[in-house]
Amino acid sequence: MPDRIAEPWGTRTPYARDARWPVRVDTRLDDGVRPEDVDAWVPTASILHSNGDALDIAVRDGRMVGVRGRADSRVNHGRLGPKDLFGWQANRSADRLTRPLVRRAGELVETDWDTAMAAMVDRSRQVLDEHGPDAFGLYTSGQLFLEEYYTLGVLGRAGLGTNHIDGNTRLCTATAGEALKETFGCDGQPGSYTDVDHCDVLFLVGHNVAETQVTLWERMLDRLEGPHPPRLIVVDPRPTLPARRADVHLPVRSGTNVALLNALLHELVARDAVDHAFVDAHAIGYDELVAQVADCTPEWAAAICDVPAERIRAAADLLAGTDRILSTCLQGVYQSHQATAAAVQVNNINLLRGAVGRPGGGILQMNGQPTAQNTRECGADGDLAGFRNWANPEHVRELAALWNVDPESIDHHGPPTHAMQIFELAEQGDVRVLWISATNPAVSLPELARIRSILAQERLFVVVQDLFLTETAQLADVVLPAATWGEKEGTFTNADRTVHHSDKAVEPPGEARADLDIFLDYARRMDFRDRDGAPLIPWHDPASAFAAWQECTRGRPCDYTGLSYEKLRAGGETQWPCNDRWPDGRERLYDDRDFPAHPDRCETYGKDLLTGEPVSAEAYRARNPEGRAMLRAAPYVPPEEEPSAEHPLRLNTGRTVYHFHTRTKTGRAPQLAAAAPEVWAELSVPDAERAGVAEGDLVDVVTARGRVRARARVTEIREGSVFVPFHYGTWDAEGRRDRAANELTRTAWDPASKQPMFKQAACRVERVAPAEDGRPAPAPTTTASRPLAPVAATAGGPDARVTETTGPAVARGGP
Ligand SMILES: Nc1nc2c(c(=O)[nH]1)N[C@H]1C(S)=C(S)[C@@H](COP(=O)(O)OP(=O)(O)OC[C@H]3O[C@@H](n4cnc5c(=O)[nH]c(N)nc54)[C@H](O)[C@@H]3O)O[C@H]1N2
Ligand SMILES: Nc1nc2c(c(=O)[nH]1)N[C@H]1C(S)=C(S)[C@@H](COP(=O)(O)OP(=O)(O)OC[C@H]3O[C@@H](n4cnc5c(=O)[nH]c(N)nc54)[C@H](O)[C@@H]3O)O[C@H]1N2
Ligand SMILES: [Mo]
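As the structure is a prediction and not an experimental result, all values here were calculated from the model.

## Observations concerning the pattern of salt bridges
On inspection of all chains with the given rule, the structure shows 81 salt bridges. In this structure, the salt-bridge partner of Arg-588 is Asp-195, at a minimum N-O distance of 2.6 Å. Of this pair, Arg-588 sits in the loop between strand E20 (573-575) and helix H25 (617-623) while Asp-195 sits in helix H6 (residues 195-198); the two residues are 393 residues apart in sequence, bridging distant segments of the chain. Asp-591 serves as the salt-bridge partner of Arg-586, at 2.5 Å between the closest nitrogen and oxygen. For Asp-591, a relative accessible area of 44% puts it in the partly exposed group. What emerges from the salt-bridge pattern is a single network uniting Arg-4, Arg-12, Arg-24, Asp-26, Arg-79, Glu-218, Asp-222 and Glu-804.

Pasting the structure below:
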């Protein structure tokens with residue numbers, strides 16, 4: 001039984017190209033509970049990342065007692081990562097919210113649901129009367145269920161009539177969605193996880209897959225250790241495990257992705273490694289792209305990115321050598337400088353190689369959160385439901401017909417308001433009611449001092465719907481206790497379009513209620529009506545909400561009409577689109593070269609990648625009348641906040657394998673909390689020497705916004721780069737307010753996707769005190785934060801043992 005804190009990726013099961021990935025079932029049960037003691041195994045999927053690992057929750061005497069990966073899942077073939085093996089324990093944490101809270105005389109006090117909802121409804125009515133619908137901001141999540149987002153979207157857009165609806169998906173995968181829209185005309189992941197089984201080159205750009213989609217990395221590792229392994233190219237300034245393992249590692253300066261990618265495109269064109277038949281027949285924009293990258297030689301990019309030109313050529317050699325290229329992007333692209341422009345260049349590389357929609361030739365513009373795909377589909381994130389185009393009056397009419405409301409009552413006079421703008425409107429006093437569900441912006445948004453001051457305003461009525469009294473909930477006027485995963489029913493969709501049904505396994509604690517029930521209750525109390533005077537939202541439970549959503553997707557690229565709860569339960573899981581044409585789901589989009597980019601069909605007419613200025617319907621129609629894939633060129637421009645004499649280093653922020661976001665869940669799982677208990681700061685050897693800092697020393701990381709105090713970890717990170725994990729909340733046990741990475745980050749976003757730039761800021765490091773008794777930084781040794789100094793290895797001990805089952809018996813359960 002391996003210790004899965006010491007060995008997060010478990011035991012290898014190598015396999016060959018085009019073979020089936022072996023099954024390995026991971027099971028973790030409470031001490032003393034045997035599989036035969038379990039009353040029920042309730043099917044669901046992971047809620048702590050976007051990979052969609054299918055698992056069963058073990059229930060005994062009405063309590064969660066463990067988890068087991070599902071052997072029959074196309075996604076994980078039974079495997080689970082450390083967060084999934086241990087993180088579920090947060091559900092039964094003693095400090096869950098069990099009753100609503102309202103603010104009275106400055107203090108949050110417990111109350112009943114009627115009182116809390118009445119407070120919300122009274123204030124809503126008053127604000128609607130005095131300020132109108134534009135005074136409402138709805139800020140939701142990538143962690144609720146599809147049925148919940150759809151309901152929230154309808155109540156927000158057609159009930160309240162506000163356009164200020166967005167999710168924390170804006171911080172997460174807005175760029176993934178935008179890049180897919182810019183290239184293919186519509187959101188929707190072209191690739192499939194099975195592309196890992198067939199690829200010859202893996203091209204990971206700003207994606208620490210080993211720590212953030214653990215089982216996807218296991219699939220890659222098992223290919224790398226089997227016959228005919230793929231070659232691996234990794235673009236990341238940190239020495240992540242994929243980077244250490246890579247054939248070509250390009251540790252670029254943060255913020256220079258477009259320069260590197262343009263050089264790779266230059267090399268492909270120079271070698272004529274272009275699938276001209278594919279490009280001529282199915283894409284537009286080739287000549288502009290060639291012109292844009294004409295001068296982008298490897299030497300030019302080498303000077304900007306600070307990586308050897310020869311290494312750029314070596315990467316180009318690999319990309320030029322096969323059309324079985326699986327490219328992935330994540331936050332090192334989406335939260336970095338020129339986010340959309342860079343993500344689109346990755347699409348361009350695959351398009352030039354004809355590596356789209358074929359086994360092993362695919363693109364994963366990854367998601368981060370477990371249900372981020374659904375926020376985007378359902379129109380709860382700054383788009384209209386069913387991937388509809390706000391600028392296309394016909395699409396707005398379709399929605400109005402579906403909801404039986406006047407099209408003019410759905411605000412579509414401009415693009416839906418993005419998250420950072422909603423907070424700005426609240427700061428200015430335009431937004432008066434801010435309803436926050438399943439996200440913790442007082443830790444996760446940039447420039448926290450400002451966010452705290454916005455949330456604390458007297459004139460702003462803040463509602464927070466959460467499981468715990470988070471940093472954000474502590475600033476709320478009303479706190480609503482929510483039921484979560486395992487305590488409610490619903491569906492959600494992973495990064496490769498696999499839809500999972502998640503059953504209720506146990507009762508929620510106390511009076512906590514499913515988010516869907518809270519949204520429905522509010523809509524009922526507000527008495528939202530359609531144009532005939534009937535209730536605007538006629539559905540009443542998860543199944544009826546799902547049915548309404550299916551109608552909304554009919555004929556759209558994300559067609560769910562062929563699915564049902566029964567089918568999802570029986571068949572386990574299915575990729576969308578699932579309809580009459582693809583009754584078992586569609587593995588790869590665009591295998592038929594039919595892109596959803598036709599002007600009548602597309603989700604957007606696109607934007608200028610540098611300014612974000614929307615393209616007009618006429619201009620789009622003139623440029624792409626047949627709806628082909630679009631090669632979109634973009635020049636490299638330098639980041640705005642470059643290092644200076646005062647702040648000579650580049651700040652990079654992100655994740656470790658053991659924690660999820662603001663740790664409301666993983667911080668409450670003992671094995672995970674112990675593996676990475678406190679914040680740290682990673683420094684390179686030369687930068688540490690210059691600052692006189694050694695492993696374990698106490699340092700301040702300082703930017704123009706604020707400071708964070710952390711223990712230093714000296715690693716092989718590239719010179720000039722400082723990494724701080726963003727998991728650690730605003731306050732530590734002593735109430736110290738200087739450990740959240742977002743005290744340091746800046747209010748800035750990508751012009752096209754509006755995604756904040758969490759990976760770009762100038763900073764300096766000041767030494768505060770030496771290490772205590774020579775103790776190292778509290779950072780894991782198993783991951784990208786691996787120390788150079790000898791440090792005791794991260795381990796979980798007996799409490800972190802997990803059963804792994806392999807072999808012919810379990811293999812039969814495989815897909
Ligand atoms: N363990 C764990 N897993 C998670 C999560 C979690 O909190 N913990 N969260 C989930 C969510 S919501 C998300 S969004 C994903 C995020 O998953 P990832 O994007 O894989 O994780 P990050 O650590 O945010 O960033 C990835 C890498 O970007 C690199 N980077 C920074 N700047 C640049 C740059 O300019 N160029 C390039 N090429 N790389 C750069 C960083 O060094 C870092 O290694 O993870 C999901 N999975
Ligand atoms: N500096 C820096 N900042 C970042 C990032 C970074 O890389 N660097 N990454 C960004 C990214 S990609 C993301 S996704 C965000 C994440 O930022 P957040 O969304 O703020 O992080 P979480 O801790 O996941 O917060 C989710 C909240 O929802 C609650 N919750 C969980 N399940 C449910 C449920 O079923 N119902 C309800 N009502 N509540 C629930 C949890 O208790 C928790 O408080 O952070 C962003 N911020
Ligand atoms: Mo995310």
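## Structural notes on the UniProt feature "domain: 4Fe-4S Mo/W bis-MGD-type" (unreviewed entry) in the protein
If you check UniProt for "domain: 4Fe-4S Mo/W bis-MGD-type" (unreviewed entry), the listed places come out as residues 39-95 in our numbering. Between the end C-alpha atoms of residues 39-95 there is a gap of 26 Å, over a span that is 9% helix and 35% strand.

## So, the environment of Leu-85
Inspection of the secondary structure puts Leu-85 in helix H1 (residues 82-86). With 30 residues separating them in the primary sequence, Leu-85 and Leu-55 have C-alpha atoms 9.8 Å apart. If we ignore the near neighbours within four places in the chain, the residues touching Leu-85 are Arg-4, Asp-26, Arg-28, Val-67, Leu-80 and Val-802.

## Remarks on the site of ligand 2
As a structural note, the neighbourhood of ligand 2 is formed by 35 residues, with Gln-143, Asn-168, Ser-444, Asp-466 and Thr-662 the closest of them. Gln-335 is positioned with one of its side-chain polar atoms (N or O) 3.0 Å from an oxygen atom of ligand 2. At 2.9 Å, a side-chain N or O of Thr-439 approaches an oxygen atom of ligand 2. Protein contact buries 99% of the 920 Å² of open area that ligand 2 shows by itself. Going through the elements one at a time, helix H4 (169-172), strand E16 (461-466) and strand E22 (649-654) are the ones with two or more residues in the shell around ligand 2. For the shell around ligand 2, a count of residues per class yields 11 nonpolar, 18 polar and 6 charged. Both domains that furnish three or more residues to the shell around ligand 2 are identified here as domain 1 (102-172 + 371-485 + 518-543) and domain 3 (649-784).

## Quick notes on the sheet that holds strand E14 (residues 362-365)
The sheet built from 5 strands is open, its strands ordered E11-E10-E9-E13-E14 with parallel pairing. Both outer strands of the open sheet, strand E11 (248-250) and E14, are each paired with one neighbouring strand and no more. This sheet shows a mean twist of 10° between the axes of neighbouring strands, independent of strand direction. Alignment of strand E10 (residues 231-235) against E11, held across 3 bridges, turns out to be parallel. By the bridge assignment for E11, Val-235 is matched with Leu-250.

## Considering the pairing of strand E17 (residues 478-481)
The alternating pattern of E17 places Val-478 and Leu-480 on one face and Val-479 and Pro-481 on the opposite face, and all of these are buried. For strand E5 (residues 101-104) and E17, the ladder comprises 2 bridges, and the chain directions are antiparallel. When the sheet's bridge partners are listed, Val-102 is paired in E17 with Val-478.

## Things to note about the nonpolar core
Looking at soluble globular proteins, one finds that nonpolar side chains tend to be buried together. In terms of nonpolar packing, the biggest core is built from 185 residues, with Tyr-150, Phe-203, Leu-250, Leu-264 and Tyr-522 touching the most fellow members. Look past the residues within four positions of Leu-264 in its chain and what remains in contact with it is Phe-203, Ile-312, Ala-315, Ala-316, Leu-319 and Ile-349. Formed by 26 residues, the second largest nonpolar core is a distinct cluster that contains Ala-681, Val-701, Val-708 and Ala-712.

## Considerations on unusual backbone geometry
Look at the link from Trp-576 to Pro-577: it is a cis peptide, with omega at -5°. Considering the arrangement of structural elements, one finds Pro-577 in the loop between E20 and H25. Positive phi outside glycine occurs at Asp-18, with the angle close to 70°. Tracing the backbone shows Asp-18 in the segment before strand E1 (25-29). You will see that Asp-527, though not glycine, has its phi angle at about 60°, which is positive. Since its relative accessible area comes to 41%, Asp-527 is described here as partly exposed.

Conventions used here
Residues numbered from 1 in each chain as written. Chains lettered and ligands numbered in written order. Predicted model: local features only at pLDDT ≥ 70, side-chain atom pairs only at ≥ 80, totals over all residues. Heavy atoms only, no water. Salt bridge = Lys/Arg side-chain N within 4 Å of Asp/Glu carboxyl O. Helix = DSSP H or I, 4+ residues; strand = E, 2+ residues; numbered from the N terminus. Buried < 20%, exposed > 50% of the residue type's maximum accessible area, 1.4 Å probe, protein only. UniProt positions renumbered as here; feature names shortened; annotations may be inferred. Contact = heavy atoms within 4.5 Å. Near = heavy atom within 4 Å. Polar contact = N/O pair within 3.5 Å; in protein donor to acceptor, adjacent residues only side chain to side chain. Areas by Shrake-Rupley, 256 points an atom, 1.4 Å probe, with all protein chains shown as cover. Nonpolar A, V, L, I, M, F, W, Y, C, P; charged D, E, K, R; others polar. Domains from an automatic or database assignment. Pairing = 2+ DSSP bridges. Axes fitted to C-alpha atoms, helices over the stretch in contact; angles between N-to-C directions. Core = buried A, V, L, I, M, F, W, Y, C linked by side-chain atoms within 4.5 Å.

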